[in-house]
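Observations on the model geometry
This is what each chain is made of:
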Amino acid sequence: MTKLSVNDILRRFRSKWPGGLSESQYSTLNLIAHCRHGELGFNQAECQKCHRGEWYPSSCGDRHCPLCLGPRQAQWSEAVCERLADCPHFHVVFTVPTGFHEFFERNYRQGCEILFSAAAECLRIFQKNHWKMQGAFFGVLHTWGSQLNWHPHLHMLVSAGGRDLATGRWKEARANYLFAVRAMSKIFRAIMLRKVEELDGAAEISWPGELATVESRREWRLSLARRKWVIFSRPTLGNTRAVVRYLARYTSRIAMSNHRLRRLDTERGEVSFEWKDYRAQGQKKEVTLGIAAFLRRFCRHLVPKGLRRIRYYGLLTGAKDRMTQIPGAPQNCVGEKAMKREEKVCEHCQGKEWTFHCLYTIRTALMERFCIDQGFQIAGERSFSLGASRAP
């Protein structure tokens, strides 16, 4: 039985794609729908031992695709851990109140920019005032909740070590406590509202109907100022690699992974998937949505073209060994080795060495006929990807 995937749902129910998306968003959905299915072309792998050739459908290589870029996630995790000094770290999550959600969704780019800059400014202030040092941290933007609902928030991994502002040497803070989150939330709220106010007269901002006037926007900001802005902070307790691996899961995909999908009822037009209820101690539950509603929720989280969801700050910018060059800094890194991909074994000679040839953008039917004529075989779309190539 073929495993259910987001790609299959997009391909089989194209008529239920939501309207009103941009051209680049529809292009993204089209790439995901045809990933490893043949329409994007084929790659050829030739066994170096018996010289038998196999054709594999090309993957789309899109950063939203649940099928693609698994190795790239592991490589990113390894690269980040190599830059992190072997010192205590904290996992910090910056959230915004629900009253801010509609503005963020209508102005994705601007909302993302002010969320990143406000969180970074807040951390710099506290590191300077409390730790008296220049620190290192990076952030990953998420816009979804476990049920695919709109829930923009920012994950930050903060090193508890850095350059002492007075001596220029390495300085390490306590490992079990970052800063007072209530004080952080107040500073973060003030910075966010200041940045939103600066956008008040910008022509590119799309305001909701109820915020069409200057007076209404002022009242909206005052209402947000009275709300509680939640910041979550927890020490990694020597398990920084696990936090990095968690963040790596969605560096090259969004919102929904295929293993969470449970059932597809084509007669009722419904799809069921698993979600985790954090209000019930992380209990796993199932939710069922209509296919159109499921795709509409998924498409809300498509990232605008060119927007960076991962950003580095402080000592994590610049050269890879910038932190280790600080006098007195630990020379070891957190350390993380990407898992090696399982080697493809030739069915005929059991060889494991392959020569990969270029992408062929030929339609599925023509390629199948060509392979039959040449004595080659087309491997299944679930076998393995020879690279994240795109059709030109």
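Residues numbered from 1 in each chain as written. Predicted model: local features only at pLDDT ≥ 70, side-chain atom pairs only at ≥ 80, totals over all residues. Heavy atoms only, no water.

For the rest of this paragraph, the subject is the pairing of strand β3 (residues 89-95). Within β3, seven of the seven residues are buried, which leaves it mostly tucked inside the rest of the structure. In β3, alternate side chains face the same way, and those of His89, His91, Val93 and Thr95 on one face and Phe90, Val92 and Phe94 on the other are all buried. Note that β3 and strand β6 (residues 150-159) share seven bridges and pair antiparallel. Bridge pairing in β6 places Phe94 opposite Leu154. Here β3 pairs with strand β9 (residues 231-235) via five bridges, running antiparallel. Residue pairing for β9: Val93 is matched across the bridge by Phe232. (Buried < 20%, exposed > 50% of the residue type's maximum accessible area, 1.4 Å probe, protein only. Helix = DSSP H or I, 4+ residues; strand = E, 2+ residues; numbered from the N terminus. Pairing = 2+ DSSP bridges.)

Taking 1.5 Å per residue, 24 residues should reach 34 Å; helix α5 (residues 108-131) reaches 33 Å between its end C-alpha atoms and fits that length. One or two steps after α5, the chain reaches Lys132, where phi turns positive at roughly 55 degrees. (Expected span 1.5 Å × (residues − 1).)

So, about the packing of aromatic side chains. Scanning the entire structure with this criterion turns up 19 aromatic pairs. Each ring, one from Phe100 and one from Phe103, has its centre 5.3 Å from the other, and the planes form 45 degrees; the classification is tilted. In terms of burial, Phe100 and Phe103 fall into one category: buried. Each ring, one from Trp144 and one from Tyr250, has its centre 5.4 Å from the other, and the planes form 55 degrees; the classification is tilted. Placement of the pair is Trp144 in strand β5 (residues 136-144) and Tyr250 in the loop between α8 (240-248) and β10 (261-265), with a sequence separation of 106 residues. Each member of the pair, Trp144 as well as Tyr250, carries the same accessibility label: buried. A network of ring pairs unites the aromatic residues Phe94, Phe100, Phe103, Phe104, Tyr108, Trp150, Phe188, Trp207, Trp220 and Trp229 as a single cluster. Of note, Arg253 hangs over the ring of Tyr250, and the distance from its end group to the ring centre comes to 5.2 Å. Taking the ring centre of Phe116 as reference, the NZ or CZ of Arg311 above it sits at 4.5 Å. (Phe/Tyr/Trp six-rings, centres within 6.5 Å; stacked < 30°, edge-to-face > 60°. Lys NZ or Arg CZ within 6 Å of the ring centre and 35° of its normal.)

Along the chain, Arg253 falls in the loop between α8 and β10. Buried and unpaired, Arg253 has Glu274 as its nearest opposite-charge partner, separated by 12 Å. Among the polar contacts made by the side chain of Arg253, one reaches the main-chain carbonyl oxygen of Arg249 at a distance of 3.3 Å. When residues no more than four places from it in sequence are discounted, the contact partners of Arg253 are Arg63, His64, Cys65, Pro66, Gln73, Trp144 and Arg309. (Lys, Arg positive; Asp, Glu negative; His and termini not counted. Salt bridge = Lys/Arg side-chain N within 4 Å of Asp/Glu carboxyl O. Polar contact = N/O pair within 3.5 Å; in protein donor to acceptor, adjacent residues only side chain to side chain. Contact = heavy atoms within 4.5 Å.)

Another aspect to go through is the packing of α5 against helix α6 (residues 181-198). Running from N to C, α5 and α6 cross one another at 140 degrees; their axes reach a closest spacing of 9 Å. The pairing of α5 with α6 is recorded here as oblique in orientation. Where α5 crosses over α6, the two elements pack in a sense that is right-handed. Along the contact surface, α5 presents Ile114, Leu115, Ser117, Ala118, Ala119, Glu121, Cys122, Leu123, Ile125 and Phe126, while α6 presents Ala183, Met184, Ile187, Phe188, Ile191, Met192, Arg194, Lys195 and Val196. (Axes fitted to C-alpha atoms, helices over the stretch in contact; angles between N-to-C directions. Parallel < 35°, antiparallel > 145°, perpendicular 65-115°, else oblique. Left-handed = near helix turned anticlockwise from the far one by under 90°.)

This brings us to helix α2 (residues 23-33). Those residues of α2 lying buried are Thr28, Leu29, Leu31, Ile32 and Ala33. Lining the buried residues of α2 we find α1 (6-12) and α9 (291-299).

Before going further, it helps to spend a moment on the pattern of salt bridges. Under the defined criterion, the tally for this structure stands at 14 salt bridges. As a salt-bridge pair, Arg221 and Asp200 come within 3.0 Å of each other at their nearest N and O atoms. Linking Arg221 in helix α7 (residues 214-226) with Asp200 in the loop between α6 and α7, this pair joins segments that are 21 residues apart in sequence. The class for Arg221 is buried, based on a relative accessible area of 12%. Here Glu274 and Lys284 are joined by a salt bridge, their closest N and O atoms 3.9 Å apart. Taken as a pair, Glu274 in strand β11 (residues 270-277) and Lys284 in strand β12 (residues 283-290) lie far apart in primary sequence, ten residues in all.

With that settled, the discussion passes to the sheet that holds β9. Within the open sheet, the five strands sit side by side as β9-β3-β6-β5-β13. Their pairing is antiparallel. Looking along the sheet, the strands with just one partner apiece sit at the ends: β9 and β13 (310-314). Here the strands of the sheet are splayed against their neighbours by 20 degrees on average, with no regard to which way each runs. Of the strand pairs in this sheet, β5 and β6 are connected by seven bridges, and their pairing is antiparallel. Bridge pairing in β6 places Leu141 opposite Leu154. Packed onto the sheet, α5 meets β3, β5, β6 and β13 and runs at close to 30 degrees relative to β6. On the sheet, α6 packs against β3 and β9 and is oriented at approximately 140 degrees with respect to β9.

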